[in-house]
Amino acid sequence: MGQKIQAVKGMNDLLPVAQKDFKLTAALWQAFEDIVASWTRSYGYNQIRTPIVEQTGLFIRSIGEETDVVGKEMYTFADSNDKLSLSLRPEGTASCLRAVVEHNLLYNNPQKLWYMGPMFRRENPQKGRYRQFHQVGVEALGFEGPDVDAELIAMSADLWNRLGIRQYLTLEINSLGNQDERAAHRTALINYLQQHEDILDEDCKRRMHTNPLRVLDTKNPALQTMANAAPRLIDFLGEESIAHYQSLKKLLNGLGIDYVENPRLVRGLDYYNLTVFEWTTDKLGAQATVCGGGRYNGLIEELGGKATPSIGFALGIERLLLLVQEFGQLTVNNVPDIYVIHWGAGTNLTAMQHAAVLRAAGLNLYVHCGDQSLKAQLRKADASGATIALIIGQEEQINNTVTLKNLRTHEQQNVSADTVLKLIQDWKNA
Ligand code: ATP
Ligand code: MG
């Protein structure tokens, strides 16, 4: 026997059953994907699917070289043929916009898009934080807002409703203004941080010059007073930025969506302006952010397209499903309606034929495979969770009948082949 090979650290298998240290199942995941499909459709957003590997330059240019994601966490390798540097995507917006620009999708045509799939970041694995994780992202390209900003936020709130977890999530919003406003604030902020340099930790000292806004995002308890008293970007906003922000808040109020204004909310990636928002929970420990997004009006131009006002958000599927699994409602449908039992020579073919007819009528059937005693098969039928067992023995075979056993009530009936469906439906509807 060869040595066992294990999955890569921080990358999880999705199994039919929960594991000790990773409780999400593939069935829960699939039920979630079904909801995502109908949810996005109900808002008129179209799916886009892009490759998982992109040229490294795409992420350097969009996310920013100084961010942790690009600077420290990307899986990057040289393509052996042409030495091109490639990376596994750490997020979805860059790839989505690359595709939109490459295929000229925005020519006279704003786009409402969504994507779903694996992302890769080499960070320290822990509950709710993995090296391969999954996101659903939604992007609205070619809209100035703030109406579309409100639509996206309302759309995310609606998803929490559909999953039964709305009450566990809090919406935080902020405005990052435009480039000039941020530059003025940046100067004031660096000034302020320099005055407090002696108390900053190593991370903050490094970020002070590369990405000072991120210092405000620090989770270090010792630095909270300093961060709270720092110059606030919101105080540097001009008339237009303020108007955009006020209109957004008015729309959210009108839609009945509660929010908390957080002047320190800056988001981890470099490309945001004006509206930023996050949905957080206190149920997942340190991994509190389930969904984050914002406006990125300059990004498409940065990637070689025509300047296009745009906004989007991404949610972490693992974090969301951990919450749904514990507190939400999501119907997981991996139990068969009927477990098909057969015993005696030639009955396996008859069983398969009956199953085919019932599947065509829309039922889900698990057909027992292999020879086992009736008793053993009945035990498996019970364990399968099915409500009904369909039994073909020698006698049924000869008389062209089937025996149906209601596994809940233990009622049993022998019926002719052409009335099976009717009885099944009666039992299912009872
Ligand atoms: P965090 O502050 O938790 O590191 P982030 O700001 O890096 O998150 P984004 O890049 O905005 O996250 O990604 C959007 C969402 O994707 C996050 O809110 C989170 O739910 C999820 N996410 C990000 N990184 C991971 C990860 N390593 N494992 C699992 N989910 C993740
Ligand atoms: Mg992160």
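Sequence order as written defines residue numbering, which begins from 1 separately in each chain. Each chain gets a letter, beginning with A, and each ligand a number, beginning with 1, in the order they are written. Totals for whole chains, interfaces and linings use every residue, but because this is a predicted model, local features are given only for residues with pLDDT of at least 70 and side-chain atom pairs only at 80 or more, for both listing and counting. The basis for every side-chain value is the complete set of non-hydrogen atoms in the structure, without hydrogens or water.

*Asks:* What exactly am I supposed to notice about the site of ligand 1 here?
*Replies:* Near, as used in this document, describes a residue that has one of its heavy atoms within 4 Å of the molecule or strand being considered. The local shell around ligand 1 holds 14 residues, among which Arg121, Glu123, Tyr130, Arg267 and Arg319 are the closest. Under the rule applied, a polar contact is a pair of N or O atoms within 3.5 Å (in protein, one hydrogen donor and one hydrogen acceptor; residues adjacent in sequence only if both atoms are side-chain atoms). Measuring from an oxygen atom of ligand 1, one finds a backbone N or O atom of Val290 at 3.1 Å. One of the side-chain N or O atoms of Arg319 is found 2.9 Å from an oxygen atom in ligand 1. To measure how exposed things are, a 1.4 Å probe is used in the Shrake-Rupley method; for residues, cover is taken only from the protein chains shown. Look at ligand 1: alone it shows 580 Å² of surface, and the protein chains cover 89% of it.

*Asks:* So what exactly am I meant to see when it comes to the side chain of Glu172 here?
*Replies:* Each helix is a run of H or I in the DSSP string that is no shorter than four residues. Each strand is a run of E no shorter than two, and both are numbered from the N terminus. Mapped onto the secondary structure, Glu172 falls in strand β7 (residues 170-175). With a 1.4 Å probe rolled over the protein chains alone, any residue whose accessible area is under 20% of its type maximum counts as buried; one over 50% counts as exposed, and the rest are partly exposed. For the purpose of charge, His is not counted, nor are the chain termini; Lys and Arg are scored as positive and Asp and Glu as negative. We count a salt bridge whenever a side-chain nitrogen from Lys or Arg sits within 4 Å of a carboxyl oxygen from Asp or Glu. In this structure Glu172 is buried but unpaired, with Lys219 as the nearest side chain of opposite charge at 8.8 Å. Of the polar contacts made by the side chain of Glu172, one reaches the side chain of Asn262; its length is 2.7 Å. We call two residues in contact whenever any of their non-hydrogen atoms come within 4.5 Å of each other. Dropping the residues within four chain positions of it, Glu172 is found in contact with Val260, Asn262, Leu265, Val276, Phe277, Glu278 and Thr280.

*Asks:* Could you clarify how one ought to interpret the domain arrangement of the protein chain in this entry?
*Replies:* In many reports, interface size means the accessible area that the parts give up when they come together. Boundaries of every domain are those given by an automatic assignment or by a domain database. Partitioning the protein chain into structural domains gives domain 1 (26-177 + 237-327) and domain 2 (338-429). With centres defined by C-alpha atoms, the gap from domain 1 to domain 2 works out at 48 Å.

*Asks:* What is the right way to read the pattern of salt bridges from this model?
*Replies:* Where charged atoms from two side chains of opposite charge come close, those side chains can pair. Considering all chains together, one arrives at 14 salt bridges under this definition. In this structure, Arg206 and Asp203 form a salt bridge, with 2.9 Å as the shortest nitrogen-oxygen distance. You can see Arg206 and its partner Asp203 sitting in helix α7 (residues 202-210), three residues apart, about one turn around the helix. Given the relative accessible area of 37%, Arg206 is considered partly exposed. Across the pair Glu261 and Lys249 runs a salt bridge, and its minimum N-O distance is 3.1 Å. Linking Glu261 in strand β8 (residues 260-261) with Lys249 in helix α10 (residues 239-254), this pair joins segments that are 12 residues apart in sequence. Since its relative accessible area comes to 10%, Lys249 is described here as buried.

*Asks:* Quick question: what am I supposed to make of a nonpolar patch on the surface here?
*Replies:* On the surface, Ile52, Val53 and Phe77 cluster together into a nonpolar patch covering about 220 Å² of accessible area. Here Phe77 is to be found in strand β3 (residues 76-78). Surface patches are defined over residues having more than 30% relative accessible area and no salt bridge, joining like charges when they lie within 9 Å and nonpolar side chains (Val, Leu, Ile, Met, Phe, Trp, Tyr) when within 5 Å.

*Asks:* Whenever I open this one, the pairing of strand β15 (residues 401-406) confuses me. Can you help?
*Replies:* Walk down a regular strand and you will see the side chains alternate between the two sheet faces. Extensive coverage of β15 is indicated by the burial of six of its six residues. The two faces of β15 match: Thr401, Thr403 and Lys405 on one face and Val402, Leu404 and Asn406 on the other face are all buried. Whether two strands pair depends on DSSP finding at least two bridges between them. Here strand β14 (residues 388-392) pairs with β15 via four bridges, running antiparallel. Residue pairing for β15: Ile388 is matched across the bridge by Asn406. When β15 meets strand β16 (residues 412-416), the two strands line up antiparallel, connected through five bridges. Across the sheet, the residue bridging to Thr401 is Ser416, located in β16. A loop of five residues connects β15 with β16, the two strands running antiparallel in sequence, and His410 in this loop sits at a positive phi of about 70 degrees.

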